[in-house]
Every structure is written in structure tokens, then in C-alpha cells.
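Observations on chain architecture
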Amino acid sequence: VPRVVSGVQPSADSLHLGNYVGALRNWVDMQDDNDCVFFVADLHSITTGQDPATMSERTRVTAAQYIAAGIDPERSTLLIQSQVPEHTQLSWVLNCITGYGEAARMTQFKDKSVKQGAENTTVGLFTYPVLMAADILVYQANQVPVGEDQRQHLELTRTLAQRFNSRFGETFAVPDAKILENSAKVYDLQNPTAKMSKSAPSDAGLVRLLDPAKKNAKKIKSAVTDDGTEVRFDRQAKPGISNLLTIYSSLTGTPVGTLEAEYEGRMYGHLKVDLAEVVTQTLDPIQKRAQELLDDPAELDRLLARGADKARGIAAQTLREVYDRMGFLPGV
Ligand code: TYM
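Chains are numbered independently. Their residues run from 1 in the order of the written sequence. A pLDDT threshold of at least 70 governs which residues receive local features in this predicted model, and a stricter bar of 80 or more applies before side-chain atom pairs are shown or counted, although totals over entire chains, interfaces and linings include all residues. To obtain the side-chain values, all non-hydrogen atoms of the structure were used and water was disregarded.

1. Focus: helix H12 (residues 268-294)
Note the threshold: Helix and strand definitions here come from DSSP, where helices need a minimum of 4 consecutive H or I residues and strands a minimum of 2 consecutive E residues; each element is numbered from the N-terminal end. Residue count minus one, scaled by 1.5 Å, sets the expected span of a helix. Throughout, bend refers to the angle between the axes fitted to the seven residues that end at a position and the seven residues that start at it.
Counted at 1.5 Å a residue, the expected span for H12 with its 27 residues is 39 Å, and the 38 Å between its end C-alpha atoms agrees. The sharpest bend along H12 reaches about 30 degrees and sits at leucine 283, with the proline proline 285 one to four residues further on.

Right, here's the structure in full:
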């Protein structure tokens with residue numbers, strides 16, 4: 001059975017629609033015919049600074065959203081990255097086979113470090129993609145479902161797996177990125193040529209999974225649209241409408257072409273009203289379920305501890321093999 005691995009950073013309060021459409025939602029169906037490992041990437045979230053007071057809560061809220069969105073902790077392995085130390089241990093080994101220049105070419109690092117300024121940029125941010133490679137390789141992943149923005153990191157992961165295998169002997173599966181064409185990138189509602197992101201300068205274009213339905217509906221109805229009146233998918237000429245169509249299509253499973261036909265002769269406003277309703281219908285059960293889970297944090301923590309235990313069973317085996325291949329003394 002193919003192994004699938006993916007994760008999301010625990011971000012403030014709630015995940016957003018980009019995380020859901022680009023990642024989380026696609027994970028759910030993959031549980032049917034894969035052995036899935038999903039984790040909350042809390043260690044990645046400290047690369048740009050963190051607030052200890054909110055960390056544990058953000059981590060629980062994120063895990064709760066996974067389950068509420070349909071990740072079944074019985075069928076899949078659900079864990080918190082920091083609770084499985086093998087991720088970090090393997091990342092050190094991978095750091096030592098990653099070229100400095102190779103890491104310096106990562107566009108997400110370049111963008112973030114420019115934004116933050118050199119004095120605020122940590123070594124952790126620089127080696128972030130290497131930890132990500134470790135997250136994936138430690139479980140011998142075959143497939144990694146992510147959004148478009150992670151493509152380059154997946155390329156690095158493949159390179160590192162192949163490099164390790166050729167230097168030290170076949171050890172790692174070489175994973176494929178699974179980037180779904182129609183949902184790989186959700187754009188900011190107010191700035192539909194930039195990806196929807198928690199770090200966008202304004203909050204108005206961001207739909208949070210756990211925000212009140214009214215607030216999200218209002219944001220969708222105020223989404224920037226384009227010149228003209230025709231509801232048609234055209235990423236260049238109509239980025240705003242194209243984004244709404246993408247979201248609509250991926251939440252309902254209706255092909256974009258069918259939506260275009262349905263909205264022929266109707267106005268942008270109709271599409272927005274209907275999409276607001278679709279988003280509400282999608283998020284409502286997720287919000288309810290997440291709240292139930294968060295009402296019993298001790299039970300949630302127990303469930304996550306079980307997940308971490310299960311995960312360590314796989315991860316420790318990979319790490320042992322890696323250490324053996326590299327010639328470290330056997331463990332005690
Ligand atoms: P993160 O937390 O930024 O995003 C999590 C997932 O959501 C996708 N995504 C989007 N998809 C479509 N449109 C958007 N606007 C959008 N914004 C985010 C991302 O592509 C991603 O799939 N480094 C990763 C977390 C990570 C990871 C891993 C992922 C750490 N280790 C190992 C896979 C495997 C990250 O920061 O994603």
C-alpha cells in the first residue's frame with residue numbers, strides 16, 4: 001500500500017481555505033487506498049518566531065481541524081511533529097548532504113527572508129526545507145499531497161533521497177509530489193494574483209475555516225472581481241472570477257466548464273452569493289466537529305499521543321537504518 005505523508009503548519013486560530021482546498025480536502029479521499037501519515041508541523045512554525053502562550057492551543061486547533069475535515073485517526077496516523085523526535089534527528093543528517101547553494105535557491109526562503117530583513121532571518125528558516133524533507137523521508141513516503149507553493153521543496157526532497165541512496169545505499173523511497181491541477185492554488189480574494197496566505201498584508205481576502213459563516217460570506221461577496229460581466233474562467237484576464245470558480249469547483253466537485261454554463265447570462269453577484277452558501281455548507285459541519293474535539297482537550301491529547309506512538313514505530317526504523325548506513329555505532 002502506498003504511503004502518503006503531508007502536514008500543515010499550525011497557524012493562528014484557524015487554517016484557511018487555501019490549506020483546505022490545496023491540501024486537507026485532498027487528503028481525506030487518499031485515506032481509502034493509501035497508508036496515510038498526517039502531522040501538524042509545529043516545528044516549522046517556529047522558523048519565523050513563535051508565541052509560547054498560544055503554541056499548544058494552535059497545535060490542538062489545527063489537529064482538531066484535520067479530524068473535523070475528515071482525517072480518521074483510526075485509519076490514518078495523525079501526529080504532532082515535535083512529538084516524534086526522529087523528524088529532527090533525520091533532518092540533521094539531511095542538512096549534512098544538502099549544499100549551501102542548493103538551500104539558498106529555495107524561492108520561499110528568498111521571499112520570506114527579503115520580507116523579514118536579514119537581521120530577522122534565522123538559520124532555521126534557511127534549513128526549513130530540509131526538515132520538510134526529513135518529515136517526508138522518515139516515513140518512506142511515496143506520495144505527498146501539497147499545494148503548488150510546495151513544489152520546489154518536494155523537488156529538493158527527491159534530490160536528497162536520491163543522493164542519500166546513491167552515497168550510502170538504497171534507504172529511502174523517492175516520493176512524488178501530488179499537486180492537483182485544479183485546486184493547487186487558491187488566491188487572495190482581494191488580490192487574486194497573490195496566493196491566499198495567513199501572512200497577507202490585509203485580512204479581507206482570507207477565508208478562515210473556523211470564522212463565523214457571516215464573516216466569511218461577507219468576504220466572499222466583497223471579493224475583487226474583474227472588468228466585464230461574463231462568468232468565465234480566464235486566469236489572465238479574469239483572475240478574480242477564475243479564483244471564485246476554482247474554489248466553487250473544488251468544494252462541490254462540479255467541473256469549471258459546467259459552472260460557466262450554469263452562470264451564462266447571470267451576473268458576478270449571483271456567483272458570489274452561491275459560493276458564499278457553498279462555503280458555509282462546507283465549513284459548518286467542520287466547525288461543529290472541531291468545537292466538540294476542542295471541548296475535550298485531554299481526549300484530543302490522548303489521541304495525538306497514540307498517533308505519535310504509531311508514527312515512531314515507522315520513523316525509528318528508518319532512522320536506525322540511516323544511522324547504520326552512515327556507520328554510527330549501534331544504539332544502546
Ligand atoms: P503551509 O502550512 O504553508 O500550507 C499547508 C498546505 O496548504 C497548501 N496551501 C495552499 N494551497 C492552495 N492555495 C493556497 N493559497 C495555499 N496556501 C497553502 C500548501 O501547499 C500546503 O500543502 N512546509 C509546509 C508544511 C510541511 C509539509 C511537510 C508539507 C512541513 N513538512 C511535509 C508536506 C510534507 C508548509 O508550510 O505548508
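So much for the structure itself; the text now carries on.
2. Remarks on the site of the ligand
What counts, and what does not: Here, proximity means that at least one heavy atom of the residue falls within 4 Å of the molecule or strand. For the purposes of these results, a polar contact is taken to be a pair of N or O atoms within 3.5 Å, where, inside protein, one atom must be able to donate a hydrogen and its partner to accept one; residues adjacent in sequence count only when each atom of the pair is a side-chain atom. Using the Shrake-Rupley algorithm and a 1.4 Å probe, accessible areas are obtained, with residue cover drawn only from the displayed protein chains. Think of it as three bins: nonpolar holds Ala, Val, Leu, Ile, Met, Phe, Trp, Tyr, Cys and Pro, charged holds Asp, Glu, Lys and Arg, and polar takes everything else, Gly as well.
Not every one of the 26 residues close to the ligand is listed here, only the nearest: Gln9, Tyr128, Asp135, Asp149 and Val186. One nitrogen or oxygen atom from the side chain of glutamine 9 is found 2.8 Å from an oxygen atom belonging to the ligand. Interatomic distance of 3.2 Å between a side-chain N/O atom of asparagine 19 and an oxygen atom of the ligand. Bound to the protein, the ligand loses 96% of the 700 Å² it would expose on its own. Contributions of two or more residues to the shell around the ligand are made by strand E1 (3-8), helix H1 (17-30) and helix H7 (123-137). Among the residues making up the shell around the ligand, the classes are represented as 12 nonpolar, 10 polar and four charged.

3. Regarding the UniProt feature "binding site: L-tryptophan" (unreviewed entry) in the chain
Quick reminder of the rule: UniProt positions are given in the numbering used here, feature names are shortened, and annotations may be inferred rather than shown by experiment. Residue burial is assigned from relative accessible area. The probe radius is 1.4 Å, only protein chains are included, and a residue is buried under 20% of its type maximum, exposed over 50%, and partly exposed in between.
Feature annotation in UniProt places "binding site: L-tryptophan" (unreviewed entry) on Asp135, given in this structure's numbering. With relative accessibility at 2%, the residue aspartate 135 sits in the buried group.

4. Description of the packing of aromatic side chains
Worth spelling out the cut-off: Only Phe, Tyr and Trp rings are paired, with Trp represented by its six-membered ring, and only when their centres lie within 6.5 Å; those with planes under 30 degrees apart are stacked, over 60 edge-to-face, the remainder tilted.
According to the stated counting rule, one finds eight aromatic pairs in the structure shown. Centroid distance tyrosine 100 to phenylalanine 126: 5.1 Å. Interplanar angle 40 degrees. Geometry classified as tilted. Taken as a pair, tyrosine 100 in helix H5 (residues 100-104) and phenylalanine 126 in helix H7 lie far apart in primary sequence, 26 residues in all. Assessed through its relative accessible area of 65%, tyrosine 100 is described here as exposed.

5. A few points about the nonpolar core
The tendency in soluble globular proteins is for nonpolar side chains to be buried side by side. Note the threshold: Nonpolar cores were defined as sets of buried Ala, Val, Leu, Ile, Met, Phe, Trp, Tyr and Cys residues, with membership established by side-chain atoms within 4.5 Å. Any pair of residues with heavy atoms lying within 4.5 Å of one another is described as a contacting pair.
One finds Leu17, Tyr20 and Tyr66 to be the most contacted residues of the largest nonpolar core, which totals 57 residues. No other element matches the 11 residues that H12 contributes to this core. The contacts of tyrosine 20, once residues within four sequence positions are left out, are Arg25, Ala69, Leu209, Leu251, Thr282 and Ile286. Counting residues in hydrophobic clusters, the runner-up holds 39 residues, among them Ala103, Leu125, Leu160 and Ala161.

6. Topic: the pattern of salt bridges
The condition is simple: Any Lys or Arg side-chain nitrogen found within 4 Å of a carboxyl oxygen on Asp or Glu counts as a salt bridge.
In total, this model carries 22 salt bridges according to the counting rule given. Where aspartate 203 meets lysine 219, a salt bridge forms, and the shortest distance between an N and an O atom there is 3.3 Å. Here aspartate 203, found in the loop between strand E5 (176-178) and helix H9 (213-221), pairs with lysine 219, found in helix H9; they are 16 residues apart in sequence, far enough to count as distant. Looking at aspartate 203, the relative accessible area reads 32%, which means it is partly exposed. Look at lysine 219 and you get buried, because its relative accessible area is 8%.

7. Re the packing of H9 against H12
Note the cut-off: Inter-axis angles, ranging from 0 to 180 degrees, are taken between N-to-C directions of lines fitted to C-alpha atoms, where helices are fitted over the stretch in contact. Any angle that falls under 35 degrees is termed roughly parallel, while one over 145 is termed roughly antiparallel, one within 65 to 115 roughly perpendicular, and all others oblique. We call a crossing left-handed when the near helix sits turned anticlockwise from the far one by less than a right angle, and right-handed when that turn is clockwise.
It is at 9 Å that the axes of H9 and H12 come closest, and there the two elements cross at 150 degrees. When the axes of H9 and H12 are compared, the pair comes out roughly antiparallel. Here H9 runs over H12; the crossing is right-handed. Residues Ala213, Asn216, Ala217, Ile220 and Lys221 of H9 touch H12, and the partners they reach there are Lys272, Val273, Leu275, Ala276, Val279, Thr280 and Leu283. Among the residues making up the contact of H9 with H12, the classes are represented as eight nonpolar, two polar and two charged.

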